[in-house]
Amino acid sequence: MVHYGADKQWQAQALPPEIAAGMPDVAGETELCWHYLAREFLRDIQGETVAPYPTFAEGSRDQKIIERLRQNRSWTDVTDLG
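Conventions adopted
Residues numbered from 1 in each chain as written. Predicted model: local features only at pLDDT ≥ 70, side-chain atom pairs only at ≥ 80, totals over all residues. Heavy atoms only, no water. Helix = DSSP H or I, 4+ residues; strand = E, 2+ residues; numbered from the N terminus. Rg over C-alpha atoms; globule rule 2.2 N^0.38 Å. Buried < 20%, exposed > 50% of the residue type's maximum accessible area, 1.4 Å probe, protein only. Contact = heavy atoms within 4.5 Å. Areas by Shrake-Rupley, 256 points an atom, 1.4 Å probe, with all protein chains shown as cover. Lys, Arg positive; Asp, Glu negative; His and termini not counted. Charge placed at Lys NZ, Arg CZ, Asp CG, Glu CD. Patch = residues over 30% accessible without salt bridge, like charges linked within 9 Å, V, L, I, M, F, W, Y side chains within 5 Å. Salt bridge = Lys/Arg side-chain N within 4 Å of Asp/Glu carboxyl O. Phe/Tyr/Trp six-rings, centres within 6.5 Å; stacked < 30°, edge-to-face > 60°. Polar contact = N/O pair within 3.5 Å; in protein donor to acceptor, adjacent residues only side chain to side chain.

Caption draft 1: Here's a closer look at the overall build of the chain. When you go through the chain residue by residue, the secondary structure sums to 3 helices and 2 strands. Helices and strands appear in the chain in the N-to-C order β-β-α-α-α. Relative to the 2.2 N^0.38 estimate, which gives 12 Å for 82 residues, the radius of gyration of the chain is 17 Å and therefore markedly larger than a compact globule would have. Taking the principal axes of the C-alpha coordinates as reference, the chain spans close to 40 × 35 × 20 Å. Out of the 82 residues belonging to the chain, those deemed buried represent 9%. Here the analysis covers contacts within the chain between residues at least 6 apart in sequence; of these, 0% occur between residues at least 24 apart. Taken as a whole, the chain presents about 7,100 Å² of accessible surface, with 58% of it coming from carbon and sulfur. Once the 8 positive and 13 negative side-chain charges of the chain are each reduced to a mean point, those two points are 7 Å apart.

Structure, rendered in structure tokens:
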């Protein structure tokens, strides 16, 4: 987690202990996110109560938005990805 400060610099921030305790012990942000999503999905299909997480359709849409932004490197209309 980072914070953009008044000095116009990004500064790393420690996660609160109660959040850090629930994070998978893996390297890399992408792997961390996949581990977390997989864990929540498994808990969900086992009938446990979990916080809302993205559907596959939402994830696909979001990935298309990310790819379009990477291509254009500036403002781009993504309303057609609805």
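What follows continues from the structure just given.
Caption draft 2: Spotlight on a nonpolar patch on the surface. The grouping of Phe41, Leu42, Ile45 and Phe56 at the surface amounts to a nonpolar patch, some 460 Å² of accessible area in total. Tallying contributions element by element places helix H2 (residues 29-45) first for the nonpolar patch, with 3 residues. Inspection of the secondary structure assignment puts phenylalanine 41 in helix H2. Here phenylalanine 41 falls in the partly exposed class, since its relative accessible area comes to 34%.

Caption draft 3: Spotlight on the packing of aromatic side chains. Per the counting criterion, the structure on display carries 3 aromatic pairs. The interplanar angle of 55° and the centroid separation of 4.9 Å between the aromatic rings of tyrosine 4 and tryptophan 10 together place this pair among those described as tilted. In this structure tyrosine 4 comes out as partly exposed when scored by relative accessible area, which is 41%. Residues phenylalanine 41 and tyrosine 53 carry aromatic rings whose centres are separated by 6.4 Å and whose planes lie at 85° to one another, so their mutual orientation is edge-to-face.

Caption draft 4: The arrangement of the environment of glutamate 58 in detail. Looking at the secondary structure, you find glutamate 58 in helix H3 (residues 56-72). Taking the C-alpha atoms as reference, glutamate 58 lies 9.5 Å from glycine 82; in sequence the two are 24 residues apart. A polar contact of 2.8 Å, which involves the side chain of glutamate 58, links it to the backbone nitrogen of threonine 55.

Caption draft 5: Expanded view of the side chain of glutamate 40. Topologically, glutamate 40 is positioned in helix H2. Apart from the residues lying within four places of it in its own chain, the contact partners of glutamate 40 are Val50, Ala51 and Tyr53.

Caption draft 6: Region of the structure containing unusual backbone geometry. Of note in the backbone geometry, lysine 8 takes a positive phi value of approximately 60° without being a glycine. Note that lysine 8 resides in the loop between strand E1 (2-4) and strand E2 (10-12).

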